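The residues making up each chain are set out below.
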Amino acid sequence: GQQVMQIPQYQHVQEGEDFTTYCNSSTTLSNIQWYKQRPGGHPVFLIQLVKSGEVKKQKRLTFQFGEAKKNSSLHITATQTTDVGTYFCAHAGGTSYGKLTFGQGTILTVHP
Amino acid sequence: DAGITQSPRHKVTETGTPVTLRCHQTENHRYMYWYRQDPGHGLRLIHYSYGVKDTDKGEVSDGYSVSRSKTEDFLLTLESATSSQTSVYFCALGQAPNSPLHFGNGTRLTVT
């Protein structure tokens, strides 16, 4: 199936700094989803991108889907300690039954 | 979340013993999934179901079986547990193919 590579694996920032995680594929993706998992918690859906070049914002979070639909990014402006966790990108395969494949995730640590 | 319940939340078992994990939903979602989460591997799909008695394999299905006799319940069985199956197991629900997933709180399984 299609694989997505997510980078970086870890990111340590000072509170107030920006953070970006990237999701890259060698093939075109039909859509991309982003999830956040707090330490000890379960993944929680954040957003889905479908269109080429799409940009969506949620408060301090900005999500982008590349023009070629082969990459996506999540950018957090002015991180807060509440942003700590693991961020995953995921895409659904080409079958009709929607098997969601996840990237390895980026673990974000925010130092106060 | 109230709509999806995983049981047990924690389990320690010995190598070679059978183990069954249960996922129960009250959302009437057609699609149900079992993922395992391990450090460095993100979330990997074990099995999924697209309706009662309709199941299929994911990317890491060896050593696991599933059953779905009614909409509400999706069972994951390890016929003979091995230490490599020590992991955190997440059940997830989807309303339609490729739709965002709603995850349960997870089951932490340790095989000694």
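Our subject is the structure listed above.
Residues numbered from 1 in each chain as written. Chains lettered and ligands numbered in written order. Predicted model: local features only at pLDDT ≥ 70, side-chain atom pairs only at ≥ 80, totals over all residues. Heavy atoms only, no water.

Let's shift gears to the sheet that holds strand β8 (residues 73-78) of chain B. Residues and elements named next belong to chain B. Within the open sheet, the 4 strands sit side by side as β1-β3-β8-β7. Their pairing is antiparallel. Of all the strands in the sheet, the pair left with one neighbour each is β1 (4-7) and β7 (64-70). Strand-to-strand, the axes of this sheet are offset by a mean angle of 15°, without reference to chain direction. Pairing geometry for β1 and strand β3 (residues 19-25), over 4 bridges, is antiparallel. Each residue of the ladder has a partner; that of T5, found in β3, is H24. (Pairing = 2+ DSSP bridges. Helix = DSSP H or I, 4+ residues; strand = E, 2+ residues; numbered from the N terminus. Axes fitted to C-alpha atoms, helices over the stretch in contact; angles between N-to-C directions.)

Before going further, it helps to spend a moment on the pairing of strand β6 (residues 54-57) of chain B. Residues and elements named next belong to chain B. Two elements, strand β5 (residues 42-51) and β6, share 4 bridges in a ladder whose sense is antiparallel. Its bridge partner being in β6, G51 is matched across the sheet by D54. Between β5 and the antiparallel strand that follows it, β6, lie 2 residues; K53 among them carries a positive phi value of about 65°.

Applying the stated criterion to the full structure yields 2 disulfides over all chains. One disulfide in the model links C23 of chain A with C89 of chain A; its S-S distance is 2.0 Å. Every disulfide takes its handedness from the sign of the S-S torsion; for C23 of chain A and C89 of chain A that torsion is 65°, giving right-handed. Of the two residues, C23 of chain A is situated in strand β3 (residues 19-25) and C89 of chain A in strand β9 (residues 85-92); the sequence distance between them amounts to 66 residues. What makes C23 of chain A buried here is its relative accessible area of 1%. Here C23 of chain B connects covalently by a disulfide to C91 of chain B, the sulfurs 1.9 Å from one another. Across the S-S bond linking C23 of chain B and C91 of chain B, the dihedral sits near -75°, which makes this disulfide left-handed. Pair noted here: C23 of chain B is in strand β3 and C91 of chain B is in strand β9 (residues 87-94), with a separation of 68 residues, a long-range link. Of the two residues examined, C23 of chain B and C91 of chain B, each falls in the buried class. (Disulfide = S-S within 2.5 Å. Buried < 20%, exposed > 50% of the residue type's maximum accessible area, 1.4 Å probe, protein only.)

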